[in-house]
Amino acid sequence: EAGVAQSPRYKIIEKRQSVAFWCNPISGHATLYWYQQILGQGPKLLIQFQNNGVVDDSQLPKDRFSAERLKGVDSTLKIQPAKLEDSAVYLCASSSEADLLTDEAEAFFGQGTRLTVV
Amino acid sequence: AQSVTQLGSHVSVSEGALVLLRCNYSSSVPPYLFWYVQYPNQGLQLLLKYTSAATLVKGINGFEAEFKKSETSFHLTKPSAHMSDAAEYFCAVSFGGGFKTIFGAGTRLFVKA
């Protein structure tokens, strides 16, 4: 079974530039998440999709971050304009159950995109 | 408010020794608790989770964790460390429906030969 695919793996941009990350979840997984992991910290949920609808985007800085999952499959996360503090690893995850609190449910993570803003 | 604290940003053990990674949580509602492992340049992998069934939870790679409500703890243990266990470990707490999960800052485990 193919895992969660993310691209690019690494990106270096200057502040005020824009950047986009792409995620292809595991086939059939209805739920997709984007996390931001700053160096030395645990991941922080930015946005959660159920199919092509947003379930939770309460921690997404909407003035500069946007995400979409138009066809309910792959997703893009965009930052415009980028700030120095956006330097982090952006992780995408997917699951086949909306509620991960069931015994069978598990979220599968991609390798992440490491963003450096200079 | 829900939060999770991992005690010790770095833990070093010898190969074959007991692994103990500490996690304490704060939650105003019954918590669900998770441990994830992250190898260098990899995503997170679920080790185990507590969802209000048995308080002693067994996970992959020989790890287990015990939920202790009185101590608000969910420490991760493994009887005998292996070199391949060297990684970063994250404790997480979730509440309510969906996946509103809060991660700890992580503990990096070093295993000495």
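Conventions and cut-offs
Residues numbered from 1 in each chain as written. Chains lettered and ligands numbered in written order. Predicted model: local features only at pLDDT ≥ 70, side-chain atom pairs only at ≥ 80, totals over all residues. Heavy atoms only, no water. Disulfide = S-S within 2.5 Å. Helix = DSSP H or I, 4+ residues; strand = E, 2+ residues; numbered from the N terminus. Buried < 20%, exposed > 50% of the residue type's maximum accessible area, 1.4 Å probe, protein only. Pairing = 2+ DSSP bridges. Axes fitted to C-alpha atoms, helices over the stretch in contact; angles between N-to-C directions. Contact = heavy atoms within 4.5 Å. Buried area = accessible area lost by both parts, 1.4 Å probe. Salt bridge = Lys/Arg side-chain N within 4 Å of Asp/Glu carboxyl O. Polar contact = N/O pair within 3.5 Å; in protein donor to acceptor, adjacent residues only side chain to side chain. Nonpolar A, V, L, I, M, F, W, Y, C, P; charged D, E, K, R; others polar.

Peer 1: Which parts of the structure should I look at to understand the state of the cysteines?
Peer 2: In a disulfide, the sulfur atoms of two cysteines are held together by a covalent bond. Counting across every chain of the model gives two disulfides over all chains. One disulfide bridge connects cysteine 23 of chain A with cysteine 92 of chain A, the sulfur atoms lying 1.9 Å from each other. Here the disulfide of cysteine 23 of chain A and cysteine 92 of chain A is left-handed, its torsion about the S-S bond being about -70 degrees. In this pair, cysteine 23 of chain A sits in strand β3 (residues 19-24) while cysteine 92 of chain A sits in strand β9 (residues 88-95), placing the two residues 69 residues apart along the sequence. Like cysteine 92 of chain A, cysteine 23 of chain A is buried. A disulfide bridge connects cysteine 23 of chain B with cysteine 91 of chain B, and the sulfur atoms are separated by 2.0 Å. Classification of the bridge connecting cysteine 23 of chain B and cysteine 91 of chain B rests on its S-S torsion, roughly -65 degrees, and on that basis the disulfide is left-handed. In this pair, cysteine 23 of chain B sits in strand β3 (residues 19-26) while cysteine 91 of chain B sits in strand β9 (residues 87-94), placing the two residues 68 residues apart along the sequence.

Peer 1: For this particular structure, what's the right way to read the sheet that holds strand β1 (residues 3-7) of chain B?
Peer 2: Sheet strands associate in pairs through backbone hydrogen bonding, adopting either a parallel or an antiparallel arrangement. Residue and element names in this part refer to chain B. With antiparallel pairing, five strands are arranged side by side in an open sheet as β1-β3-β8-β7-β6. Every other strand in the sheet has two partners, leaving β1 and β6 (56-58) as the edge strands with one partner each. The sheet shows a mean angle of 20 degrees between the axes of neighbouring strands, taken without regard to direction. Direction of pairing for β1 relative to β3: antiparallel, over a ladder of five bridges. Residue pairing in the sheet places leucine 7 in a bridge with arginine 22 of β3.

Peer 1: Can you walk me through the interface of chain A and chain B in this structure?
Peer 2: Reports often express the size of an interface as the amount of accessible area lost when the parts come together. Across the boundary between the two partners, chain A contributes 27 residues, which contact 21 residues of chain B. Of the roughly 1,800 Å² buried between chain A and chain B on both sides combined, carbon and sulfur atoms contribute 52%. In this assembly, chain A and chain B are joined by zero salt bridges. Linking chain A with chain B are three residue pairs in polar contact (both at pLDDT 80 or more). For the side of chain A that touches chain B, the secondary structure elements donating two or more residues are β4 (31-37) and β5 (44-50) of chain A. Here the side of chain A that touches chain B gets three residues from one element, more than from any other, and that element is β4 of chain A. The class makeup of the residues in the side of chain A that touches chain B is 12 nonpolar, eight polar and seven charged.

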